Amino acid sequence: VVSTQSTGSSGINAEYGGYIDEFEVVDDHRAGKIVVFLNGRLNKCGVISPRFDVCINDIEKWTTNLLPSRQFGYLVLTTSSGIMDHEEARRKHTGGKILGFFY
């Protein structure tokens with residue numbers, strides 16, 4: 001995962017409900033990278049290209065299209081407040097660009 005200024009400890013927030021064991025930020029004197037260690041609960045992940053704009057009202061539409069159920073899985077968004085999942089974006093009432101999904 002390539003790091004940006006907005007990523008960091010808040011970028012991978014609370015290890016996303018148990019899908020991620022731990023992560024470390026590697027300084028390569030360029031853009032930086034984040035190494036993510038998964039715990040094996042991940043069934044599917046995907047990248048959305050191009051990065052579509054998602055307003056707060058469209059988050060529900062994207063979750064129904066990409067996730068198998070409302071109870072589990074996450075959309076990953078990049079917003080002006082940093083990289084976050086769709087639930088945190090709803091709580092902060094912010095939209096952004098969709099990066100991908102996992103469940």
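Residues numbered from 1 in each chain as written. Predicted model: local features only at pLDDT ≥ 70, side-chain atom pairs only at ≥ 80, totals over all residues. Heavy atoms only, no water.

Undergrad: I'd like a description of the overall build of the protein, backed by residues and values.
TA: Scanning the protein from N- to C-terminus turns up two helices and seven strands. Counted from the first residue to the last, the protein has its helices and strands arranged as β-β-β-β-α-β-β-α-β. The 103 residues of the protein split such that 37% are buried. For the protein, the proportion of contacts with a sequence separation of at least 24, taken over those separated by at least 6, is 52%. Carbon and sulfur atoms provide 50% of the accessible area of the protein, an area that totals close to 6,500 Å². (Helix = DSSP H or I, 4+ residues; strand = E, 2+ residues; numbered from the N terminus. Buried < 20%, exposed > 50% of the residue type's maximum accessible area, 1.4 Å probe, protein only. Contact = heavy atoms within 4.5 Å. Areas by Shrake-Rupley, 256 points an atom, 1.4 Å probe, with all protein chains shown as cover.)

Undergrad: Describe the packing of aromatic side chains, listing the residues and the values that go with them.
TA: For the structure on display, the rule yields four aromatic pairs. Taking 5.6 Å as the distance between ring centres and 35 degrees as the angle between the ring planes, the aromatic pair formed by Phe-52 and Trp-62 counts as tilted. Highlighted residues: Phe-52 in the loop between β3 (45-47) and β4 (53-54) and Trp-62 in helix α1 (residues 59-66), separated in sequence by 10 residues. A residue is classified by how much of its surface remains accessible, and Phe-52, at 38% relative accessible area, is partly exposed. (Phe/Tyr/Trp six-rings, centres within 6.5 Å; stacked < 30°, edge-to-face > 60°.)

Undergrad: How would you explain α1 if you had to name every residue and give the values?
TA: Within the span of α1, buried status applies to Ile-59, Trp-62 and Thr-63. Along the axis of α1, the buried positions cluster into a sector of 100 degrees, meaning they face one direction only. In α1, the exposed residues that point more than 90 degrees away from the buried face are Thr-64 and Asn-65. Contacts from the buried residues of α1 go to β4, β5 (74-79), α2 (86-92) and β7 (96-102). (Arc of directions from axis to C-beta.)

Undergrad: Explain the confidence of the model for the protein to me, and be specific about the residues and the numbers.
TA: Across the protein, the average pLDDT comes to 80, with 83% of residues at or above 70. Scored below 50 in pLDDT, residues 1-11 shows 19 contacts in the model against residues more than four places distant or in partner chains. (pLDDT = per-residue confidence, 0-100.)

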